[in-house]
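One letter stands for each residue in the lines below.
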Amino acid sequence: MPTPITFAAVGDVHGEHRAMVRLVSGIARARGVELTAVLQVGDFEPHRHEGDLESMAAPQKYRHVGDFPRFHRGEEAFPWPLYFIGGNHEPYAYLDETPGGAALIPGCHYVGRVGAVQLAGLRIIGVSGIHHPERSRGPRPPGSAFRTVSNKELTYFTEAELSQALDLGPADILMLHSWPAGLVTHEELSAATGRRFFGEDVGNAPARALVELLRPKLLLLGHMHVPLRRTLRWPDGGETQVIALAHVGAGRESVALIVRDEDGGLREV
Ligand SMILES: [Zn+2]
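Given the structure is predicted, the values throughout are model-derived calculations rather than measurements.

Peer 1: I'm lost on the coordination of the zinc ion in this one. Help?
Peer 2: When a metal carries six donors in an octahedron, the ideal angles between them are 90 or 180 degrees, while four donors in a tetrahedron ideally lie at 109.5 degrees. Here the zinc ion is held by the protein donor atoms Asp12 (OD), His14 (NE2), Asp43 (OD) and His225 (NE2), which lie 2.0 to 2.6 Å from it. Seen from the zinc ion, its 4 donor atoms lie at angles of 85 to 171 degrees, and the figure they make is irregular. Taken in chain order, the donor set of the zinc ion reads D-x1-H-x28-D-x181-H. Of this pair, Asp12 sits in the loop between strand E1 (5-10) and helix H1 (17-31) while His225 is found in the loop between strand E9 (218-221) and strand E10 (228-233), placing the two residues 213 residues apart along the sequence. For His225, a relative accessible area of 29% corresponds to the partly exposed category.

What follows is the structure in structure tokens.
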């Protein structure tokens, strides 16, 4: 029987690692729980220095080194093991030095372009990046090509990577940055947030296909900075709980606490 554990899922960080630590630690303390790990759904922005900003896709006004250098230099540390996937605003020249994933610093683990992590008996699969109708057919230039291609070209997952993710299954948890299709309509999302959404904002079909084939117990999403909960029910009686998280700057809505019970079930608490 698995030991009960509690872990947190966290939305887009965008370089605000210190705010993330304060927020998640505060929530865990208030609930009186010890976190086994933190799973982060992309746009983590682990820039070591100004140079890392050069391979990030983002308008000038969003190019900030952020807090990561303090952690990279060892002046601060994450209080729990942290696992993150890449989003569409990442220093991909840096991350693509280890496309299969790596610990960037002790306790801070990049899952990779596609990767699997074993955590207290849970199998977690992650895919970095977002979908593009043409570019996702691949291949994608390596992050090291950032001076010769648009940085956006580094941000798309490929259909081959989705197949690799499927081959890594089965999975208890799937981490994606952008949303699979079929969770919400443009109208619902606009009504819920007061913002306007277009095209694949509400999800993409290849990610949906992966979710349907992999059928994880839990799907964690970021990207839209919109909190959302859904349950997908499958013909075989299985279910996938969907948790989309807000930006860390939004506070509580960017964090979900999840318990893995003795029977292996996952539930948000
Ligand atoms: Zn974001």
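Moving on from the model shown.
Peer 1: Quick question: what am I supposed to make of the packing of aromatic side chains here?
Peer 2: Describing an aromatic ring pair means giving the distance of the ring centres and the angle of the ring planes. Scanning the entire structure with this criterion turns up 5 aromatic pairs. With a centroid separation of 6.2 Å and an interplanar angle of 70 degrees, the aromatic rings of Phe44 and Phe68 are classed as edge-to-face. Here Phe44, found in the loop between strand E2 (35-40) and helix H2 (68-72), pairs with Phe68, found in helix H2; they are 24 residues apart in sequence, far enough to count as distant. Accessibility assignment for this pair places Phe44 and Phe68 in one class, buried. Between the aromatic rings of Phe71 and Phe78, the centroid separation amounts to 4.3 Å while the plane-to-plane angle is 10 degrees, which identifies the pairing as stacked.

Peer 1: Can you help me understand the sheet that holds E10 in this one?
Peer 2: Either a parallel or an antiparallel arrangement is found when strands of a sheet pair, and the pairing is made through backbone hydrogen bonds. Taken in spatial order, the 6 strands make up an open sheet running E6-E7-E8-E9-E11-E10, and their pairing is mixed. Here the strands that pair on one side only, and so sit at the sheet edges, are strand E6 (114-119) and E10. Across the sheet, the axes of successive neighbouring strands diverge by a mean angle of 20 degrees, strand direction being ignored. Relative to the sheet, helix H6 (residues 205-214) contacts strand E7 (122-127), strand E8 (173-175), E9 and E10, its axis offset from that of E8 by approximately 170 degrees.

Peer 1: It is not clear to me how the packing of helix H4 (residues 159-167) against H6 should be interpreted in this structure. Could you clarify?
Peer 2: As a packed pair, H4 and H6 sit with axes 10 Å apart at the nearest point and diverge in direction by 10 degrees. Considering the angle they form, H4 stands roughly parallel to H6. On the side of H4, the interface is formed by Leu162, Ala165 and Leu166, while H6 contributes Pro206, Ala207, Leu210, Leu213 and Leu214. The residue makeup of the contact of H4 with H6, split by class, is 8 nonpolar, no polar and no charged.

Conventions and cut-offs
Residues numbered from 1 in each chain as written. Predicted model: local features only at pLDDT ≥ 70, side-chain atom pairs only at ≥ 80, totals over all residues. Heavy atoms only, no water. Donors = N, O, S within 2.8 Å, 3.2 Å for Na, K, Ca; no water. Tetrahedral: all angles 85-135°; square planar, octahedral: opposite > 155°, others 65-115°. Helix = DSSP H or I, 4+ residues; strand = E, 2+ residues; numbered from the N terminus. Buried < 20%, exposed > 50% of the residue type's maximum accessible area, 1.4 Å probe, protein only. Phe/Tyr/Trp six-rings, centres within 6.5 Å; stacked < 30°, edge-to-face > 60°. Pairing = 2+ DSSP bridges. Axes fitted to C-alpha atoms, helices over the stretch in contact; angles between N-to-C directions. Contact = heavy atoms within 4.5 Å. Parallel < 35°, antiparallel > 145°, perpendicular 65-115°, else oblique. Nonpolar A, V, L, I, M, F, W, Y, C, P; charged D, E, K, R; others polar.

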